[in-house]
Amino acid sequence: MAHEHKLAIFRGLVKFKSNTQKIWGVLIFLTIVTVIEVVLGIIKPESLMGQVLGMKALNWIFIILTIVKAYYITWDFMHMRDELKSLRRMVVWTAIFLILYLIFILLQEGGYVFDVYKGGYIKRDF
């Protein structure tokens, strides 16, 4: 016995009449987020170049928008919203933890390499 997929996005704020309309709606949402990322990457506004928690605010915006897109793709295209709550949490929380861990490692190593090139010496010896 097959069940119907939910035809609403954003927790029911936008509802569609068919799967085709929903696919187009999701495509438009992901396109808008991607266009925002591309425009910010090209323009690089000076107001977003200030340091926030050791990194430029623009970089934080890119990271947050990328996580939003990854979460939404998992939620809609992998049909996580139709699964049990425990499975959704297991998949999504694990992915978010791994993404945040990867970001931490990349920032630590990138900062170290930058300091080595800038200062010309090894700051830490493991």
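Residues numbered from 1 in each chain as written. Predicted model: local features only at pLDDT ≥ 70, side-chain atom pairs only at ≥ 80, totals over all residues. Heavy atoms only, no water.

J.: An account of the UniProt feature "transmembrane region" (unreviewed entry) in the protein is needed here, citing residue identities and associated values.
T.: Mapped onto the present numbering, the UniProt feature "transmembrane region" (unreviewed entry) falls at residues 23-43, 58-78 and 90-107. The distance from the first to the last C-alpha atom of residues 58-78 is 29 Å, and the span holds 95% helix and 0% strand. Secondary structure content for residues 90-107 is 100% helix and 0% strand, and the end C-alpha separation is 26 Å. (UniProt positions renumbered as here; feature names shortened; annotations may be inferred. Helix = DSSP H or I, 4+ residues; strand = E, 2+ residues; numbered from the N terminus.)

J.: Report on a nonpolar patch on the surface, specifying residues and quantitative values.
T.: On the surface, a cluster of nonpolar side chains totalling about 470 Å² of accessible area is made up of Val35, Val38, Val39, Ile42 and Ile43. Here Val39 shows up in helix H1 (residues 19-43). (Patch = residues over 30% accessible without salt bridge, like charges linked within 9 Å, V, L, I, M, F, W, Y side chains within 5 Å. Areas by Shrake-Rupley, 256 points an atom, 1.4 Å probe, with all protein chains shown as cover. Salt bridge = Lys/Arg side-chain N within 4 Å of Asp/Glu carboxyl O.)

J.: Outline the packing of aromatic side chains, listing residues and values.
T.: All told, the structure shown has two aromatic pairs when counted by the stated rule. The interplanar angle of 65 degrees and the centroid separation of 4.9 Å between the aromatic rings of Phe29 and Tyr72 together place this pair among those described as edge-to-face. Within this pair, whereas Phe29 is found in helix H1, its partner Tyr72 is found in helix H2 (residues 57-77), the two being separated by 43 residues in sequence. Take Tyr72: its relative accessible area is 8%, and that puts it in the buried class. Centre to centre, the rings of Phe97 and Tyr101 are 6.2 Å apart; their planes meet at 10 degrees, and the pair counts as stacked. Of this pair, Phe97 and Tyr101 both sit in helix H3 (residues 85-119), four residues apart, which is roughly one turn of the helix. (Phe/Tyr/Trp six-rings, centres within 6.5 Å; stacked < 30°, edge-to-face > 60°. Buried < 20%, exposed > 50% of the residue type's maximum accessible area, 1.4 Å probe, protein only.)

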